[in-house]
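Here's the letter readout for the chains.
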Amino acid sequence: MNESMTTQPGQTLISIKQLGKRFSNGFEALRGVDLDISEGEILALLGPNGAGKTTLISIICGIVTPSSGEVLVNGHSIIDDYRITRSMIGLVPQEIHLEPFTTVWKTVCYSRALFGKPSDPAYIESVLKDLSLWDKKDSIIMALSGGMKRRVMIAKALSHQPRILFLDEPTAGVDVELRQGMWKTVDRLRSNGVTIILTTHYIEEAEESADRVAVINSGEILLVDEKDALMRKLGKKTLVLNLKTPLAAIPDSLAEFELQMSDDGLELVYEYDTQRERTGISSLVQGLLDAGIGFRDLDTRENSLEEIFVDLVRQDS
Amino acid sequence: MNWRGVKAIYMSEMGRTIRTIVQSLVSPVISTSLYFVVFGSAIGSRITDIDGVSYGAFLVPGLIMLTVLTNAVSNAAFGIYFPKFLGHIYELLTAPLSFLEIVLGFVGAAATKSLVLALIILLTATFFVDVRIEHPWWMITFLVLTCISFSLLGFIIGIISNNFEQLQLVPLLVITPLVFLGGSFYAINMLPPLWQTISLFNPVLYLVSGFRWSFYGIGDVSIFASLAVVVAFCIVCLVVIWSIFKSGYGIKQ
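Residues numbered from 1 in each chain as written. Chains lettered and ligands numbered in written order. Predicted model: local features only at pLDDT ≥ 70, side-chain atom pairs only at ≥ 80, totals over all residues. Heavy atoms only, no water.

A.B. asks: For this particular structure, what's the right way to read the overall build of chain B?
C.D. replies: When you go through chain B residue by residue, the secondary structure sums to 10 helices and 0 strands. Counted from the first residue to the last, chain B has its helices and strands arranged as α-α-α-α-α-α-α-α-α-α. Computed over C-alpha atoms, the radius of gyration of chain B comes to 19 Å, within 12% of the 18 Å expected from 2.2 N^0.38 for 253 residues, which places it in the range of a compact globule. Summarising its shape, the C-alpha atoms of chain B cover approximately 60 × 35 × 35 Å along the three principal directions. Across the 253 residues that make up chain B, the buried fraction comes to 53%. When contacts within chain B are restricted to residue pairs at least 6 apart in sequence, those whose partners lie at least 24 apart make up 81%. (Helix = DSSP H or I, 4+ residues; strand = E, 2+ residues; numbered from the N terminus. Rg over C-alpha atoms; globule rule 2.2 N^0.38 Å. Buried < 20%, exposed > 50% of the residue type's maximum accessible area, 1.4 Å probe, protein only. Contact = heavy atoms within 4.5 Å.)

A.B. asks: Looking at this model, I keep getting lost on the overall build of chain A. Mind explaining?
C.D. replies: The number of helices and strands found in chain A is 10 helices and 14 strands. If you line up chain A on its principal axes, its C-alpha atoms span 80 × 45 × 40 Å. Here chain A holds 317 residues, and the buried ones make up 49% of them. Taken as a whole, chain A presents about 15300 Å² of accessible surface, with 48% of it coming from carbon and sulfur. Positive and negative charge centroids in chain A, built from 34 and 47 side chains respectively, lie 7 Å apart. (Areas by Shrake-Rupley, 256 points an atom, 1.4 Å probe, with all protein chains shown as cover. Lys, Arg positive; Asp, Glu negative; His and termini not counted. Charge placed at Lys NZ, Arg CZ, Asp CG, Glu CD.)

A.B. asks: How do you make sense of the domain arrangement of chain A when you look at a structure like this?
C.D. replies: Accessible area lost upon the coming together of the parts serves often as the stated size of an interface. Taken domain by domain, chain A holds domain 1 (10–88 + 163–171 + 188–234) and domain 2 (235–316). On a C-alpha basis, the centres of domain 1 of chain A and domain 2 of chain A stand 37 Å from each other. (Domains from an automatic or database assignment.)

A.B. asks: I keep staring at the sheet that holds strand E3 (residues 42–46) of chain A and nothing clicks. Help me out?
C.D. replies: In a beta sheet, neighbouring strands are held together by backbone hydrogen bonds and run either parallel or antiparallel to one another. Residues and elements named next belong to chain A. Taken in spatial order, the 6 strands of this open sheet run E6-E7-E8-E3-E9-E10, and their pairing is mixed. Both outer strands of the open sheet, strand E6 (89–92) and strand E10 (220–226), are each paired with one neighbouring strand and no more. Going across the sheet, the axis of each strand differs from the next one's by a mean of 15°, ignoring polarity. Relative to strand E7 (residues 164–168), E6 runs parallel, the two being bridged by 4 bridges. Paired with Gly90 across the two strands is Leu165, which belongs to E7. Across the sheet, helix H1 (residues 53–61) touches E3, E6, E7, strand E8 (195–199) and strand E9 (212–217), and the angle it forms with E7 is around 150°. (Pairing = 2+ DSSP bridges. Axes fitted to C-alpha atoms, helices over the stretch in contact; angles between N-to-C directions.)

A.B. asks: I keep staring at the packing of helix H3 (residues 55–86) of chain B against helix H6 (residues 136–160) of chain B and nothing clicks. Help me out?
C.D. replies: The description of two packed helices rests on the angle between their axes and on the distance between the axes. Residues and elements named next belong to chain B. Close contact between H3 and H6 brings their axes to 7 Å; oriented N to C, the two are set at 35°. Crossing handedness for the pair H3 and H6: right-handed. For the contact of H3 with H6, the class distribution of residues is 19 nonpolar, 4 polar and 1 charged. (Left-handed = near helix turned anticlockwise from the far one by under 90°. Nonpolar A, V, L, I, M, F, W, Y, C, P; charged D, E, K, R; others polar.)

A.B. asks: Any chance you could explain the environment of B:Val144 here in plain terms?
C.D. replies: Residue and element names in this part refer to chain B. Within the secondary structure, Val144 sits in helix H6. Looking at Val144, the relative accessible area reads 30%, which means it is partly exposed. On a C-alpha basis, the gap between Val144 and Leu115 in space is 6.8 Å, while along the polypeptide they are 29 residues apart.

A.B. asks: What am I meant to see in the packing of aromatic side chains here?
C.D. replies: Given two aromatic rings, one states the distance between the centres and the angle between the planes to describe the pair. One pass over the structure, following the stated rule, counts 22 aromatic pairs over all chains. Their ring planes at 20° and their centres at 5.8 Å tell us that A:Tyr270 and A:Tyr272 sit as a pair that is stacked. An aromatic cluster of three or more residues is present, and its members are A:Phe101, B:Phe78, B:Tyr81, B:Phe82, B:Phe85 and B:Phe164. A cation over an aromatic ring shows up here: A:Lys129 above the ring of A:Trp134, its NZ or CZ 5.0 Å from the ring centre. Looking at A:Lys137, its charged tip hangs above the ring of A:Trp134, at a distance of 5.1 Å from the centre. (Phe/Tyr/Trp six-rings, centres within 6.5 Å; stacked < 30°, edge-to-face > 60°. Lys NZ or Arg CZ within 6 Å of the ring centre and 35° of its normal.)

A.B. asks: Whenever I open this one, unusual backbone geometry confuses me. Can you help?
C.D. replies: Peptide bonds are trans in most cases, and residues, glycine excluded, mostly fall at negative phi. With phi around 55°, A:Asn74 is a residue other than glycine that occupies positive phi space. Residue classification places A:Asn74 among the buried residues on the basis of a relative accessible area of 11%.

A.B. asks: Honestly, the nonpolar core in this entry has me stumped. Any pointers?
C.D. replies: Here is a general trend for soluble globular proteins: nonpolar side chains tend to be buried in one another's company. By size, the foremost hydrophobic cluster in this structure holds 78 residues, and its most contacted members are A:Leu114, B:Val60, B:Ile64, B:Leu69, B:Leu92, B:Phe150 and B:Phe155. In contact with B:Phe155, not counting residues within four places along its chain, are B:Ala76, B:Ala77, B:Ile80, B:Ile102, B:Val103, B:Phe106, B:Val107, B:Ile241 and B:Phe245. A:Leu35, A:Ile63, A:Val127 and A:Val152 belong to the second-largest nonpolar core, a separate cluster that totals 76 residues. (Core = buried A, V, L, I, M, F, W, Y, C linked by side-chain atoms within 4.5 Å.)

A.B. asks: What's the story with the pattern of salt bridges in this structure? I'm lost.
C.D. replies: In a structure, side chains of opposite charge can pair up when their charged atoms sit close to one another. Residue and element names in this part refer to chain A. This structure, assessed with the given rule, holds 15 salt bridges over all chains. We note a salt bridge from Asp130 to Arg188, for which the minimum N-O separation is 3.5 Å. Here Asp130, found in helix H4 (residues 121–130), pairs with Arg188, found in helix H6 (residues 176–191); they are 58 residues apart in sequence, far enough to count as distant. The class of Arg188 is partly exposed, set by a relative accessible area of 32%. Salt bridges here are not isolated pairs; linked through shared partners, they connect Arg22, Glu28 and Arg31. (Salt bridge = Lys/Arg side-chain N within 4 Å of Asp/Glu carboxyl O.)

A.B. asks: Would you mind showing me how to read a negative patch on the surface here?
C.D. replies: All names here are of chain A. On the surface, Asp263, Asp264, Glu267, Asp297 and Asp299 cluster together to form a negatively charged patch. Looking at the secondary structure, you find Glu267 in strand E13 (residues 267–273). Residue Glu267 is classed as partly exposed on the basis of its relative accessible area, which comes to 31%. (Patch = residues over 30% accessible without salt bridge, like charges linked within 9 Å, V, L, I, M, F, W, Y side chains within 5 Å.)

A.B. asks: Could you clarify how one ought to interpret the side chain of B:Ser184 in this entry?
C.D. replies: All names here are of chain B. If you trace the backbone, Ser184 turns up in the loop between helix H7 (164–180) and helix H8 (193–199). Exposure remark for Ser184: the relative accessible area of 0% places this residue in the buried category. A distance of 2.9 Å separates a polar atom in the side chain of Ser184 from the backbone oxygen of Val179. (Polar contact = N/O pair within 3.5 Å; in protein donor to acceptor, adjacent residues only side chain to side chain.)

A.B. asks: What's the story with the sheet that holds strand E14 (residues 295–302) of chain A in this structure? I'm lost.
C.D. replies: All names here are of chain A. Read across the open sheet, the 4 strands follow the order E12-E13-E11-E14; overall the sheet is antiparallel. If you trace the sheet from one side to the other, it starts and ends with strand E12 (260–261) and E14, each paired once. The pairing of strand E11 (residues 236–243) with E13 spans 7 bridges and is classified as antiparallel. Of the residues in E13, the one forming a bridge with Leu239 is Tyr270.

Have a look at this one:
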């Protein structure tokens, strides 16, 4: 267990350097990926289908062999020291892959044993209870619902007490209740110091739970940043003004603000950059008053990660 | 070595046998008993003794080999193909297990099953014919080596098969003819000279011959030739499996 004591929260736990993967059919899934993942963080890997998210995860976990570059987990190469690195990692793959004829209890204990850990019924019990699987422990896998099977997949990944958990699209095709339960589990794991790397299509989930976001497209990392910093940096704010009386056209005196007007002429929308020294709001309000346009109400909203993401991927392609 | 991992694979494979006990043990016993009734008693009573051994007793080592070979291959092939087909092989690949450990788990279980089966059939045979074993240690050695080498072959077949058809085709098209033409039911000096020569290229002939020698002290080829062939076959299979894992073919991209 002394392996687990060598890094502190915030220190680099996974270091990916110039990682490349070209499949035998010639498809280049990853092109020189560089990424550092810190101990204890939740990193969301965002990217469209086919961006290379699963390939990246699969290489770190040992399912896919890299073509070039290297990955170090806690300073150990995933190729040369695979026993050390793999013992530290748990993987929940995107698809449900379970042996159908065994029981929940047996399959979770089997996973733990595969990782060379001595049996620990009390720990397995706590994992199953956390995932609301305890009353199903003697059920045959085949007889479980899809959501239950997915939880069994998570229980298997946690069975050997990994320090790093990979969740590949954990909430795809999962109902709302289970999804919330899943995030509760993620929160609990994080508070126990587990480093979590997840891929998701639900950007609001990344926005809610991740500490950092990495955007990947066509096998390249486009951007990695603290989620909050990313939102600040790329985030634009939108000011919506509800007018007292409908406007026929935007006066020329306000042209510099590039306002957008709703069809009924009752709403003006102004987009501004929060990072700029002068957002232009006060001069806009002054301009409106000068033009004799009165407004009833105003509202501002921040751009979501989703919009940032779509922007980035579009620029890239 | 990750012995716990090896044991987990081994026990889970053995558990599969217990779940399918009828298919795994009962059906081979029944079919072998039928062989004894039909060939040993019904037809065998009209066949003269071979090298002083009654035809029924002469059949026993051949029938055991026939069952061991087909079952070792199909057990090991299915054992590794199943997780590949259902996708839970990901677990083996992400676990801190070396290729040798994975092979040990799967092949060990398949070989154990075949060994148990062989002993059960041997026991069954004693109800039908007089079986004597002149060289019990050689008998066990041959049996164990055969169980291991053909489980290794089955493992290879399971890994390179891409569908259930291929999984069954190799045992059907390769193993069965080799066993039938390998002297399970006859001594090769009963064949025309040309076929005797051709038979010498059949590895199964050496297994059956060596195994039969350990029972009755008679064989088609020398016991050392038999031993050399089994050991060589084992090594070839191991090298093939090692190169499969090295290249990742069939399991890893």
